[in-house]
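Listed here are the chains, written in short residue letters.
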Amino acid sequence: MSDTTPLCPRCAHEAIEHITGSPVPGVWEVLQCGRCLYMWRTSEPARRIRRDAYPEEFMLTPEDIGTAPEVPAVPPLRRPGAGAATR
């Protein structure tokens, strides 16, 4: 990571966790925000990794996060062959 503390592009939180790095050291890193859980790879375009370039309509405030509806649970996986679409 750089010497400057990155902000989350989506919610401007300062608690950013390093998740993993590229197989070739120093090429890219995967980071995650500790508040909104947004994840990004440092090699992505500016509109995905920099707060000043992130689309305003997707930015979140702490109030947005606190009042967000509960995320639905992921349903169980289907058994092989059950309900699979055919072509």
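Thresholds, definitions, all that
Numbering of residues starts from 1 in every chain and runs along the sequence as written. Residue-level local features of this predicted model are given only where pLDDT is at least 70; pairs of side-chain atoms are given and counted only at 80 or more, and the full residue set underlies all totals for whole chains, interfaces and linings. As a rule here, side-chain values come from all non-hydrogen atoms in the structure, and water together with hydrogens is ignored. Aromatic rings from Phe, Tyr and Trp, taking only the six-membered ring of Trp, are treated as a pair when their centres fall within 6.5 Å; an angle between ring planes under 30 degrees marks them as stacked, one over 60 as edge-to-face, and anything in between as tilted. Type-normalised accessible area, obtained with a 1.4 Å probe on protein chains alone, sets the label of each residue: buried when under 20%, exposed when over 50%, and partly exposed for intermediate values. In DSSP terms, a helix is any run of H or I states spanning at least four residues, a strand is any run of E spanning at least two, and both are numbered starting from the N terminus. In our convention, an over-ring charge means Lys NZ or Arg CZ found within 6 Å of a ring centre and within 35 degrees of that ring's normal. Any two strands with at least two DSSP-identified bridges between them are counted as paired. Axes here refer to lines fitted to C-alpha atoms; in helices the fit is confined to the stretch in contact. Angles between the N-to-C directions go from 0 to 180 degrees. Contacts: residue pairs with any heavy atoms within 4.5 Å of one another.

- You'll find the chain entered in an unreviewed UniProt entry as 4-hydroxybenzoate decarboxylase, with Streptomyces niphimycinicus given as the organism.

Description of the packing of aromatic side chains
Each aromatic ring pair is described using two quantities: the centre-to-centre distance and the angle formed by the ring planes.
Phase 1: According to the stated counting rule, one finds two aromatic pairs in the structure shown.
Phase 2: Seen in terms of ring centroids, Tyr-38 and Trp-40 are 5.4 Å apart; in terms of plane orientation they differ by 25 degrees. Their pairing is stacked. The same class applies to Tyr-38 as to Trp-40, namely buried.
Phase 3: Ring plane angle 75 degrees and centroid distance 5.6 Å describe the contact between Tyr-38 and Tyr-54, whose orientation is recorded as edge-to-face. On the criterion of sequence distance, the pair formed by Tyr-38 in the loop between strand 2 (29-33) and strand 3 (39-41) and Tyr-54 in the loop between helix 1 (46-49) and helix 2 (62-66) is long-range, its members being 16 residues apart. In this pair, the class of Tyr-38 matches that of Tyr-54, namely buried.
Phase 4: Taken together, Tyr-38, Trp-40 and Tyr-54 form an aromatic cluster joined through their ring pairs.
Phase 5: If you follow Arg-41 out to its NZ or CZ, it ends over the ring of Trp-28, 5.8 Å from the centre.

What about the sheet that holds strand 3?
Phase 1: Strands sit in the order 1-2-3 across an open sheet of three strands; the sheet is antiparallel. Looking at strand neighbours, the two that pair on one side only are strand 1 (16-21) and strand 3, the edges of this open sheet. This sheet shows a mean twist of 25 degrees between the axes of neighbouring strands, independent of strand direction.
Phase 2: Note that strand 2 and strand 3 share three bridges and pair antiparallel. Bridge pairing in strand 3 links Val-30 to Arg-41.

What to know about the environment of Met-39
Phase 1: Looking at the element boundaries, Met-39 is found in strand 3.
Phase 2: For Met-39, the contacting residues outside a window of four places in its chain are Ile-19, Val-30, Leu-31 and Gln-32.

Brief notes about unusual backbone geometry
Phase 1: Located in the positive-phi region is Ala-12, a residue other than glycine, with phi close to 65 degrees.
Phase 2: Take Ala-12: it is sitting in the segment before strand 1.
Phase 3: The phi dihedral of Leu-37 is positive, around 70 degrees, even though this residue is not glycine.

Focus: the pairing of strand 2
Phase 1: With five of five residues buried, strand 2 is to be regarded as a mostly interior element.
Phase 2: Side chains of strand 2 alternate between two faces, with Glu-29, Leu-31 and Cys-33 and Val-30 and Gln-32 buried alike.
Phase 3: One ladder, built from five bridges, connects strand 1 with strand 2; its direction is antiparallel. Considered in strand 2, the bridge of Gly-21 is made with Glu-29.
Phase 4: Where strand 2 hands over to strand 3, the hairpin turn is made up of five residues, of which Leu-37 adopts a positive phi near 70 degrees.

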